[in-house]
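# Examining the three-dimensional arrangement
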Amino acid sequence: MESTSKQFKQNTRVALDNTALQSALGKMESGFVTNRANAAARLPEFEALRDQARDIKNHTLENLDFYLETFEENVEASGGHVHWAATAEDARQIILDICQSVDAKTVTKGKSMIAEEIGLNAFLEENNIEPVETDLGEYIIQLRNETPSHIIAPAIHVVKDQVIETFQEAHTQFDPARSLEEPRELLDEARTVLRQRFFDADVGITGANFLIAETGSTVIVTNEGNGDLTQTLPKIHVVVASLEKVVPTLEDASAILRVLARSATGQEYSSYTTFSNGPRRAEDPDGPEQFHVVLLDNGRSELLGTESQEVLRCIRCGACMNHCPVYGAIGGHAYGWVYPGPIGSVLTPTLIGVEEARHLPNASTFCGRCEEVCPMRIPLPKLMRHFREKSFEEKLTPTAERTGLGIWAFVARRPALYQMATGLAMRMLGALGRRRGLFASLPMAGGWTAHRDFPAPQGRTFQQQWSARGGRRRAGE
Amino acid sequence: MSGGRDAVLGRIRKGLGRTGPVDGDQRAALDARLQKHARGIIPERTARDRGGLADLFVEMAEGVQTSVARVASPAGAPAALAEYLAQHNLGSDIRMAPDEKLNDIPWQDRPTLSITRGRSDGNDEVGVTAAFSAVAETGTLMLHSGPSSPTTLNFLPDNHVVVLRASEIVRAYEDGWDLLRAKGKMPRAVNFVTGPSRSGDIEQTLMLGAHGPRRLHIILIEDENG
């Protein structure tokens, strides 16, 4: 997928002016956030389960090559095939070859962020294969020619009236005067249209929430059941998954599943958790004849042994974005690549480079809510700080910002100078602003005063006030 | 793409500070971990006796819009099915799994039921299957594919009716895995089903019946009471 992360600042302006988006985002607090809090409160073991989930994934990553080779061996033992894709391009080509081997015309797709990451739909279309998204949210945005703005609720930015408009344009086979006012009517219409697509598809492509080394299973978690129809009805089931999805055993997957749905939607368990093991057996009445797993690296192996290794624990629940004040204000598209929110602010510079994505780690107030709710305890603020530093070291930050930080660092390291400079500045600002108590504009602080007033200082610095109250102590005093 | 495979594994090993595959004691420890199937934390809410587990299962299942009819014996199941059909104004054509676990139920007691057996082709209003097991922790059914349990019956009919025996209810998912391992090789698909199909993709409004069944009904045979 092409990135627009470089234009993050313009993207946010567009997002803040988009009234439909703002109305859609307003519903997040009462939905996901409340539901997660309730689910966590209902399970006394929740915090301990988070620790356990983190430890399982850490153990797996430390032995990733062993578990991937074991996974491969067991997929093959159950009659499936594993394909290793070093890059997005490799993955696209492998999938195309599989589709072309049965002369596929259409493929149905369960929701997959990896398919987004490798730009699969556009590539299949270029090669005259029609991809059909079957998750309701994905289907809506595919018709609207958009990308997902949330990793588990891809159409969260779309309001109902827009869905009505989209369906009226796309589903010309139905009476134009039919009622679509109720969400139920929209869902039923999508169900009818997609049901036929499930039967017509030659290949079904799904992602995976987990890969299980012990059994060679791939696991998908859905609420709609679309992933199950996608993989059960066509001749071929292709699973596209990144390599960090592997866990050792069924018990390990079960343990992590206890925190996944609760963190994502606040459900105790999603409606459908499906473990797939190879193609249909000779005596089976249904199921695909071929089973392929495409294992995608796309830069992830480079993260092992580095500061960023911890992002590989991510299970894509979306809790970090649901709880992020920045995501809540601008939505997912402004981030400019596949993964939005705090996890995107860390993954994007990791996978496509700091130069392309240097704004994203700055899109944070460091309030820490993302880390508080991350079921895998990924230290997202710490990793964002890491990328801020990296972008400074690589001289990617603009000159004015670098010079400003340089001056501040020079002064901050010299306490006497710092106190004198801040004392002087506070006296001046205090005197200038005494009459009104605030500044509507200030030189060099336009970024602040363009949107809100700057309160006038009272004339003394914090350190002066602290000292005056007898709070000042030095070591040894 | 063996070039891809070697390159990827090589980079992983380099990142982990190794030059080749894990070996020796470390390898033995990893193999042992895979064999052991050690369990982690099992939620305390499942620490109940058998009767308590059935109650927990029903409570959790009903919490996710599954309906449950509790009957005392297999003889009660046909009436429970007929009642469900009447309640929802459904026809009497039933597509049923060719599962021997459903054979001790006297379906012939309800001659109006028109039962055929086999997979679903998408034209069935009501599918009836037998559960492999069920997890009390979250009200989750454990189903799997096989000659007598077509996966299409779990997803295509608008109404999915599952016959479950109280003796099949276990505490946690891990207990279900142990039962399945005892049967031998993994089947092609294992489906954990927790309530009917649903979507919240339009303005976060919860709606049932997205792509899978619109309704999920469980006939729970209390085979441990007698």
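### A closer look at the sheet that holds strand β4 (residues 203–206) of chain A
Residues and elements named next belong to chain A.
- The six strands are arranged β1-β10-β7-β4-β2-β3 in an open sheet whose pairing can be described as parallel. The strands lining the two open edges of the sheet, one partner per strand, are β1 (81–85) and β3 (130–133). The mean inter-strand angle of the sheet, taken between neighbouring strand axes irrespective of direction, is 25°.
- The pairing of strand β2 (residues 106–109) with β4 spans three bridges and is parallel. Within β4, the position partnered with K109 by the bridge is I205.

### Concerning the interface of chain B and chain A
- Contact residues are listed per partner, giving 62 residues for chain B and 77 residues for chain A.
- At the level of secondary structure, the elements contributing two or more residues to the side of chain B that touches chain A comprise α1 (2–15), α2 (24–36), α5 (152–155), α6 (173–183), β9 (189–193) and β10 (198–199) of chain B.
- In terms of residues, the side of chain B that touches chain A owes the most to one element, α1 of chain B, which gives nine residues.
- Per-class residue counts for the side of chain B that touches chain A are 28 nonpolar, 22 polar and twelve charged.
- Where strand β9 (residues 272–276) of chain A meets β9 of chain B, five bridges bridge the pair, whose relative direction is antiparallel. Counted as the bridge partner of Y272 of chain A is V193 of chain B from β9 of chain B.

### Thoughts on the confidence of the model for chain B
- For chain B, the average pLDDT comes to 96, and 98% of its residues sit at 70 or higher.
- On the interface metric, ipTM, the complex scores 0.97, and its pTM is 0.93.

### What about the sheet that holds strand β2 (residues 93–96) of chain B?
All names here are of chain B.
- What the six strands build is an open sheet, ordered β1-β12-β7-β4-β2-β3; its pairing is parallel. Edge positions in the open sheet fall to β1 (67–71) and β3 (114–117), since each of these has one partner strand only. Direction aside, the axes of adjacent strands within the sheet are offset by 25° on average.
- Here five bridges tie strand β4 (residues 126–130) to strand β7 (residues 159–165), and the two strands are oriented parallel to one another. Of the residues in β7, the one forming a bridge with G127 is H160.
- Sheet contacts for helix α4 (residues 77–87): β1, β4, β7 and β12 (215–221); angle to β12, the most-contacted strand, approximately 160°.

### Here we look at α2 of chain B
All names here are of chain B.
- Between its terminal C-alpha atoms α2 stretches 18 Å, which fits the 18 Å expected from 13 residues at 1.5 Å a residue.
- Of all the 13 residues making up α2, zero are buried; the element is thus mostly uncovered.
- Once α2 ends, the next one or two residues include H37, with phi positive near 55°.

### So, the packing of helix α16 (residues 341–352) of chain A against helix α19 (residues 380–393) of chain A
Residues and elements named next belong to chain A.
- Running from amino to carboxyl end, α16 crosses α19 at an angle of 40°, the nearest separation of the two axes being 9 Å. Here α16 lies oblique to α19, going by the angle between them. Note on packing geometry: the crossing formed by α16 with α19 is left-handed. Residues P342, I343, S345, V346 and P349 of α16 form the contact with α19, whose participating residues are L380, L383, M384 and F387.
- Looking at side-chain class alone, the contact of α16 with α19 contains eight nonpolar, one polar and no charged residues.

### Quick look at the nonpolar core
- Core analysis: the largest hydrophobic core is formed by 181 residues, its most contacted members being I95, V240, I256, V294, L295 and L296 of chain A together with A131 of chain B.
- Each residue touching V294 of chain A, except ones within four places of it in the same chain, is listed here: H83, A85, A91, I94, I95, V238, V239 and V240 of chain A.

### What about the pairing of strand β10 (residues 290–296) of chain A?
Residues and elements named next belong to chain A.
- Across the seven residues of β10, six count as buried, placing the element largely inside the fold.
- Taken together, the five bridges between β1 and β10 define a ladder with parallel strand orientation. Across the sheet, the residue bridging to H81 is H292, located in β10.
- Judged from the seven bridges that link them, strand β7 (residues 236–242) and β10 form a sheet pairing that is parallel. Looking across to β10, one finds that V239 is bridged to V293.

Procedures and definitions
Residues numbered from 1 in each chain as written. Chains lettered and ligands numbered in written order. Predicted model: local features only at pLDDT ≥ 70, side-chain atom pairs only at ≥ 80, totals over all residues. Pairing = 2+ DSSP bridges. Helix = DSSP H or I, 4+ residues; strand = E, 2+ residues; numbered from the N terminus. Axes fitted to C-alpha atoms, helices over the stretch in contact; angles between N-to-C directions. Contact = placed C-beta atoms within 7 Å. Nonpolar A, V, L, I, M, F, W, Y, C, P; charged D, E, K, R; others polar. pLDDT = per-residue confidence, 0-100. Expected span 1.5 Å × (residues − 1). Buried ≥ 20, exposed ≤ 12 C-beta atoms within 10 Å, placed from the backbone. Parallel < 35°, antiparallel > 145°, perpendicular 65-115°, else oblique. Left-handed = near helix turned anticlockwise from the far one by under 90°. Core = buried A, V, L, I, M, F, W, Y, C linked by C-beta atoms within 7 Å.

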